[in-house]
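The chain contents come next:
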Amino acid sequence: MHEVPPPTSTSTSTPAPGPSSSAVPAEPLSHGLKQRHLTMLGLGGVIGAGLFVGSGAGIAVAGPAIVVSYLIAGALAMLVMRMLGEMSAAMPASGSFSVHAERALGRWAGFSVGWLYWFLLVVVLAVEATAAAQIAHGWVPGIEPWAWVLLFMVVFTAANLTAVKNFGEFEFWFASLKVGAIVVFLVLGLLAVLGWLPDTDPVGMTNLTGQGGFLPNGWGGVVSGVLTVVFAFGGLEVVTIAAAETDDPARAVGRAVRSAVVRILFFYVGSMLVIVTVLPWTAQQAGLSPYVKVLDAIGVPSAGQIMNIVVFVALLSALNANLYGSSRMIFSLAERGEAPRGLLKVSGGGSRESTGGVPRRAVLASVAFGFVSVLLNLLWPDTVFLYMLNSVGAVLLFVWALIAASQLRLRARLEQEAPEALSLRMWCFPYLTWVTLAGLFGVLLLMLTDEAARPQVLWSAGATALVLLVAVGRQWRERRGSAVADR
């Protein structure tokens with residue numbers, strides 16, 4: 001193993017991107033990820049249990065209009081990813097939006113968004129590991145859930161400690177299975193709607209217009225649906241983190257962002273349209289997979305077990321991606337002096353594409369906290385861990401808002417000082433950026449009015465305020481130390 005050289009003074013300051021500073025120094029990490037890895041990571045990164053199971057809650061509150069809810073939430077996510085893609089193509093870095101926030105708004109912003117996102121990933125990791133363990137326990141009751149959790153954590157830690165291409169291969173095949181499952185579901189659903197399956201009649205538009213019509217709960221139901229499904233789009237950000245470990249980061253992230261957001265929107269909206277067309281929306285229940293109900297209705301044998309396998313793979317895929325993303329984020333923080341310097345060691349020996357360039361200490365630090373989160377989830381799921389989960393419930397929206405604010409600042413600077421770096425541009429700048437910011441704050445305000453979502457906003461706001469306080473305190477101490485040294 002070798003240690004990354006200490007960050008220079010410019011690496012911890014906030015340089016304006018320009019001809020001399022727009023290019024981020026070369027990362028000491030491996031370049032083992034290929035374009036196919038990044039493309040499938042973009043497609044599969046957000047296709048998880050939130051879609052396969054959680055979408056039932058959205059249908060229950062919005063009815064057939066859940067399609068509109070997904071369009072609104074998906075459009076918001078697509079705009080955020082376009083902004084993030086623009087910045088990542090111009091300035092690829094393993095810290096992605098944390099680096100961009102530091103360059104645009106100051107060290108306090110990079111520190112805050114980086115640590116908040118890391119905390120979000122390692123807490124959610126516990127939810128995924130525990131949920132996957134429950135499914136596995138159902139298949140093999142003789143093995144306790146905690147043993148399954150331990151197995152999953154060990155396997156994926158080992159995969160992330162070796163070559164980054166192992167992570168890429170895991171995610172490529174996981175994502176391929178999930179994408180394949182949705183494509184098959186869409187084809188079967190379309191055939192059922194048209195009445196082309198054995199022993200089926202054409203469904204028509206009956207279920208879209210019956211049971212109270214397309215908007216059974218009015219536009220209020222659509223808004224409630226947005227609050228339910230918007231977080232299902234979280235995870236796309238990992239694409240821009242992973243892009244730094246490809247041979248051509250700027251080109252790779254541009255291609256991945258362009259392809260991923262549109263296709264994911266198609267998968268999500270297409271799936272919902274099939275579900276509410278094949279079955280009445282009143283047949284859906286929160287906590288039960290609407291995919292299982294549709295597959296059962298059209299006569300697919302063992303539909304429940306098939307979807308259990310798909311959800312199981314989706315959870316393991318998300319666990320793997322979150323472990324990867326959290327390790328790269330904390331490594332980037334350490335690079336900029338915002339995390340312990342001991343995390344800067346990366347593996348050496350061999351070529352970067354094979355075994356070198358892996359931030360093993362950063363991986364171990366992330367998985368260690370992940371183990372703590374899992375333990376809290378197993379021991380106190382309704383108390384201690386619930387508070388932790390609530391404290392990150394709305395963090396994704398704060399992260400997206402900082403991405404938008406960063407893009408506003410950096411785009412203007414880049415257009416003046418390094419326009420050639422803008423290979424991928426945000427549409428209708430700056431108007432759509434402001435619309436996105438307004439939409440994000442609108443979602444937060446709506447969450448405050450929702451009794452179930454309000455604790456997440458309040459706890460997340462408290463966690464964000466605490467991190468901001470630490471960031472401002474660090475910056476104040478450094479300035480005071482510099483002033484004393486200059487005397």
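Refer to the structure printed above.
Quantities reported herein were computed from a predicted structural model and do not represent experimental measurements.

So, how was this worked out
- Residues numbered from 1 in each chain as written.
- Predicted model: local features only at pLDDT ≥ 70, side-chain atom pairs only at ≥ 80, totals over all residues.
- Heavy atoms only, no water.
- Helix = DSSP H or I, 4+ residues; strand = E, 2+ residues; numbered from the N terminus.
- Buried < 20%, exposed > 50% of the residue type's maximum accessible area, 1.4 Å probe, protein only.
- Contact = heavy atoms within 4.5 Å.
- Lys, Arg positive; Asp, Glu negative; His and termini not counted.
- Charge placed at Lys NZ, Arg CZ, Asp CG, Glu CD.
- Phe/Tyr/Trp six-rings, centres within 6.5 Å; stacked < 30°, edge-to-face > 60°.
- Lys NZ or Arg CZ within 6 Å of the ring centre and 35° of its normal.
- Core = buried A, V, L, I, M, F, W, Y, C linked by side-chain atoms within 4.5 Å.
- Expected span 1.5 Å × (residues − 1).
- Axes fitted to C-alpha atoms, helices over the stretch in contact; angles between N-to-C directions.
- Parallel < 35°, antiparallel > 145°, perpendicular 65-115°, else oblique.
- Left-handed = near helix turned anticlockwise from the far one by under 90°.
- Nonpolar A, V, L, I, M, F, W, Y, C, P; charged D, E, K, R; others polar.
- Patch = residues over 30% accessible without salt bridge, like charges linked within 9 Å, V, L, I, M, F, W, Y side chains within 5 Å.
- Areas by Shrake-Rupley, 256 points an atom, 1.4 Å probe, with all protein chains shown as cover.
- Salt bridge = Lys/Arg side-chain N within 4 Å of Asp/Glu carboxyl O.
- Polar contact = N/O pair within 3.5 Å; in protein donor to acceptor, adjacent residues only side chain to side chain.

Colleague: I tried to follow the overall build of the protein chain on my own but got confused; where do I start?
Modeller: Across its full length, the protein chain holds 19 helices and two strands. With respect to the three principal axes, the spread of C-alpha positions in the protein chain is 85 × 55 × 40 Å. The burial tally for the protein chain puts 55% of its 487 residues in the buried class. For the protein chain, long-range pairs separated by at least 24 residues make up 81% of all intrachain contacts whose partners lie at least 6 apart in sequence. In the protein chain, which carries 29 positive and 26 negative side-chain charges, the distance between the mean positions of the two groups comes to 8 Å.

Colleague: Quick question: what am I supposed to make of the packing of aromatic side chains here?
Modeller: Geometrically, a pair of aromatic rings is defined through the distance of the ring centres and the angle of the planes. One pass over the structure, following the stated rule, counts 20 aromatic pairs. Judged by centre distance (5.9 Å) and plane angle (55 degrees), the ring pair of F266 and F267 falls under tilted. The class for F266 is exposed, based on a relative accessible area of 53%. Chaining the aromatic ring pairs together yields one cluster made of F111, W115, W118, F119 and F369. Of note, R36 hangs over the ring of F172, and the distance from its end group to the ring centre comes to 4.6 Å.

Colleague: Quick question: what am I supposed to make of the nonpolar core here?
Modeller: Nonpolar side chains tend to gather and get buried jointly when the protein is soluble and globular. By size, the foremost hydrophobic cluster in this structure holds 159 residues, and its most contacted members are F152 and W400. Contact partners of W400, with chain neighbours within four places excluded, come to A77, V80, V230, F233, G234, E237 and L440.

Colleague: In this structure, what is going on with helix α4 (residues 66-90)? I would like to understand it.
Modeller: Quick reminder: α-helices carry 3.6 residues per turn. Residues three or four places apart thus point the same way. Over its 25 residues, α4 extends 36 Å from the first C-alpha to the last, a length consistent with the 36 Å expected when each residue adds 1.5 Å. Burial analysis of α4 places 22 of its 25 residues in the buried class, the great majority of the element.

Colleague: How should the packing of helix α6 (residues 107-139) against helix α14 (residues 303-335) be read in this particular structure?
Modeller: Helix-helix packing: each pair is described by the crossing angle between the helix axes and the interaxial distance. Where α6 meets α14, the axes come as close as 8 Å, and the angle between the chain directions of the two elements is 155 degrees. When the interaxial angle is binned, α6 and α14 end up roughly antiparallel. You can see that α6 and α14 cross each other, and the crossing is left-handed. Tallied by class, residues from the contact of α6 with α14 come to 25 nonpolar, seven polar and one charged.

Colleague: Would you mind showing me how to read helix α8 (residues 164-194) here?
Modeller: Compared with an ideal rise of 1.5 Å per residue, which puts 31 residues at 45 Å, α8 spans 45 Å between its outermost C-alpha atoms and is within 8% of the ideal. Phi turns positive, to about 75 degrees, at G195, one or two residues after α8.

Colleague: Before we go on, may I ask you to explain a nonpolar patch on the surface in this structure?
Modeller: Together, W146, L150, V154, F371, L375, L378, L379, W380 and V384 make up a nonpolar patch on the protein surface, roughly 840 Å² of accessible area in all. Going through the elements one at a time, α7 (145-161) and α15 (360-379) are the ones with two or more residues in the nonpolar patch. Top element by residues in the nonpolar patch is α15. It accounts for four residues. Position of V154 among the secondary structure elements: in helix α7.

Colleague: Would you take a moment to explain the side chain of R107 for this structure?
Modeller: Locating R107 in the fold gives a position in helix α6. Looking at R107, its side chain comes within polar contact range of the side chain of E478, at 2.8 Å.

Colleague: Where do I start with the pattern of salt bridges in this structure?
Modeller: Note that side chains of opposite charge can pair when their charged atoms are close. Scanning the model with the defined rule gives nine salt bridges in all. In this structure, the salt-bridge partner of E86 is R411, at a minimum N-O distance of 2.6 Å. Taken as a pair, E86 in helix α4 and R411 in helix α17 (residues 395-417) lie far apart in primary sequence, 325 residues in all. The same class applies to E86 as to R411, namely buried. Note that R425 and E415 form a salt bridge whose closest N and O atoms lie 3.6 Å from each other. You can see R425 sitting in the loop between α17 and α18 (431-449) and its partner E415 sitting in helix α17, a full 10 residues away along the chain. A relative accessible area of 35% places R425 in the partly exposed class. Within the structure, one salt-bridge network assembled from shared partners comprises E86, R411, E415 and R425.

Colleague: Before we go on, may I ask you to explain the packing of helix α12 (residues 249-278) against helix α13 (residues 290-297) in this structure?
Modeller: One way to put it is that α12 packs onto α13 with a least axis distance of 10 Å and a crossing angle of 50 degrees. If you check the angle between α12 and α13, you find them oblique. Like other packed secondary-structure pairs, α12 and α13 cross with a definite hand, here left-handed. Along the contact surface, α12 presents S271, M272, I275 and V278, while α13 presents P290, Y291 and V294.

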